[in-house]
Each structure stands twice: as structure tokens, then as C-alpha cells.
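Each chain, letter by letter, is given below.
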Amino acid sequence: MVINKKAEMLSNGILKARNISTQKDVENHWSVQFLRVPNPSQSFKNFTVQWSVYFDVFANTFVYRNQPFENPKAKPVSLWNMPPELIKITPTGKWLDQTNINGIVQNYELYGMAQIAIRTFTTDQIIHLHEGISKSSLKSDSKAISLQKHIANCIGSLETRNRFIYYGPKLLISNNASDKFGVQKMDKEERQKAERAFEKDDYGIDPSQSQTIVSSAALKVDKLQYPTKELMLFEENEVGLQAFCGAYGIKRDIFPSTTGSTFTNQAEAEKSTYYGTIAQAAQTYCAYLGKILNLEDEGIELYLDYSHLPVMQDDLLNAAKEKMENTKAFDTWFRSGIISAERYAE
């Protein structure tokens, strides 16, 4: 849920291109036009969601750049996210003295489900990005590794609650008849008769079934309860969710909760996540796309704009108010002769 939410938020941005030196937008740049449909089966939003999920689950992404083989600088015709778990990196055996990726990586291999390599790619065809640390200098380990106990505890909590819901409390049926010597023991025939009555399909919690059994036997029913509250199963799920939110930088109040967070808290949590985690993820993603498309050679960089989102509108309003106040101040200085008309226009 946390990883999917992060991917959805990242994909909400509008892709734009700008000049690296002037930071001014470049209208209708070919890279933006191309990335609107990066391959025949995905839009930019779909491509971004898939990329983000791969990156957060595996801490590695491999994008296949389909372009004329004889010209590595040619514009690609399509881009595809490759499943990281099926990609094997073949190193050259060299590392420290290399100045480009070709000297470190020999090739990339795509494996099928039968653990057989079905295609080999060069370092010009596969662009690899990894973030984090591991024992390997070529691949990173997933954040999810450190969350294994939380994952296991959440699964255990859900499975335990599932058993409680579907199997419910157990009933202990015993003989309540007594004589002067005490409680009489139920003989085998009476016990089997009572068990058949309780186990018949005519009785149960379904509306078509009877919830009451009438018996001539003197029976006593004791219910054995599960200490659900004492096991703190709901709290275990909450702790697991908070651990994932912390690991992936998503504010907890974005998600539904049993206690419920206020609208203000939700809005602030969403805004804070966009300004922090999503802004950083967008910068990493756009720099990666720029590398794939060789945009640095053109002096162009990509960025994702989130200013159109409703949660960000308050900031636009505050910026407009600040601009208005500045304009009033400049106007006063101009009319007072403190600054010239040229300076005022500037």
C-alpha cells in the first residue's frame, strides 16, 4: 500500500523540459512528446508507476532503450522497464580504474521463468539505476529486507484474525445432569447424538439455518473465548504500517486509520510528502530519464511539476500574495524616485 501510494503520487506530476543554464521551460521539446507514450503499451503515467514500484521493491531499475544499434546517441523509439528480478549483471572483473560503465559491466542478461537466459543486452541498451548499499558495487539491496520482521508480523496478525473470524470461539458441550452422587457422565450414544445435532447443516449462522438446537439431554454449553484484544493484533498491523511509512518517506496520516485523522492533518501530510520524498524521487527519476535520452548533450533537463494539484494550491496563493506585496513596494519606490523606470520594469 505504501509503495503503491508513493508510485501514484510520483506519477501525478506533469513532465516538463527546461534549459539547464537559464532554468526556463522549453515548449514542445521532443523528449516530453516522446515520453507521453514511451512504448506501445504504456502511457507516461503507467510507465512511471511501474518504474517507481520496481525501484522501491528491488532498489534497482533496468530500462531497455530501443534505438538504432549502430548509433548509441540516436533518439530511442521506445523505452521498457525490465523486471529487476529477472536481470543478471555480468561484470568484467574490473572496477576501480574504469572510467565508464563498459569497463565495469560486460553485459546484462534477461532470464525467463525457467532460469534460462533468453536475451543479452549491452550497456548501451540497458540503463541501470540503483540506490542504497549492498555487498555488491553493481546492485543495491532493497529497503524491504530490513522490514522482513514487520512483514512477517503483519501476515501473522492478519492470518490469526482471519481464523478468529471464520472459526470463531469454540463451544464446550458437557452433561449438566446430576444425581446424589454428583454430575452424571454422558454415555457414548448421548454424546454422539448431541454432536450430530450441533454439526448438522440445519444449524449455523446462515439466515437459512436455525441458530437454536432443541435437545432432551441435559446439556451445558461453555464458550471458550480468544483473547483477541490482549494479543494486540491491530496494533501490530499499525506498527508495521508505520515502519513502512518511515522507510519509504510517506506520512502516516495520508492513509485511513481507525482513529481517523482530520482533513487538515491529511492535507498537511500529503503536502509534506510531496515537498520531501516525492520531490526527491522526482529529481532522481527525471535525471535518470535525461541520462537515458542523452539530454545533457542538448543542455536540457526534465522535471515534474506538481503545482496543479489541489493540495498545492495554497502555496500558489501565498506566492501570488507575496508577489503582489513586492510589486506594491517597487511601485512606491519608483513613485518616490528611489528606483528608475528601467529598474522598476526589471
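None of the values given here were measured: they were computed from a predicted structure.

## What to know about the sheet that holds strand 2 (residues 60-66)
Argument step 1. Read from one edge of the open sheet, three strands run 3-2-7, paired in antiparallel fashion. Each edge of the open sheet is held by one strand with a lone partner, namely strand 3 (78-82) and strand 7 (126-130). Recorded for the sheet is a direction-independent mean angle of 25° between the axes of neighbouring strands.
Argument step 2. Across five bridges, the pairing between strand 2 and strand 3 is antiparallel. Residue Y64 lies in a different strand from strand 3, and its bridge partner there is W80.
Argument step 3. Strands in contact with helix 3 (residues 44-58) are strand 2, strand 3 and strand 7; relative to strand 2, the strand with the most contacts, it is inclined by about 140°.

## A word on the nonpolar core
Argument step 1. L10, L35, L302 and L304 are the most contacted members of the largest nonpolar core, which totals 46 residues.
Argument step 2. Here this core gets ten residues from one element, more than from any other, and that element is helix 9 (residues 263-292).
Argument step 3. Among the nonpolar cores identified, the runner-up in size contains 13 residues, and I104, L110, F121 and L138 belong to it.

## Remarks on unusual backbone geometry
Argument step 1. Positive phi values are uncommon outside glycine, yet Q23 reaches one of about 60°.
Argument step 2. Within the fold, Q23 resides in the loop between strand 1 (14-19) and helix 2 (30-35).
Argument step 3. In this structure Q23 comes out as partly exposed when scored by relative accessible area, which is 42%.
Argument step 4. In this structure, N28 takes a positive phi of about 55° despite not being glycine.
Argument step 5. As for its placement among the helices and strands, N28 is situated in the loop between strand 1 and helix 2.
Argument step 6. Since its relative accessible area comes to 64%, N28 is described here as exposed.

Rules used in this analysis
- In this convention, every chain numbers its residues from 1, walking through the sequence in written order.
- Confidence filtering applies because this is a predicted model: local features only for residues at pLDDT of at least 70, side-chain atom pairs given and counted only at 80 or more, and all residues used for totals across whole chains, interfaces and linings.
- Hydrogens and waters are ignored; side-chain quantities use all the structure's heavy atoms.
- Should DSSP find at least two bridges between two strands, the strands are taken to pair.
- Where helices and strands are cited, they refer to DSSP runs of H or I of at least four residues and of E of at least two residues respectively, numbered from the N terminus.
- In this analysis, axes come from line fits to C-alpha atoms, helices being fitted only over the stretch in contact, and the angle between any two N-to-C directions falls in the range 0 to 180 degrees.
- Whether two residues are in contact is decided by their heavy atoms, any of which lying within 4.5 Å being enough.
- Remark: nonpolar core denotes a set of buried residues (Ala, Val, Leu, Ile, Met, Phe, Trp, Tyr, Cys) joined through side-chain atoms within 4.5 Å.
- The buried label applies to any residue whose accessible area, calculated with a 1.4 Å probe on protein chains only, is under 20% of its type's maximum; exposed applies above 50%, and partly exposed to all values in between.

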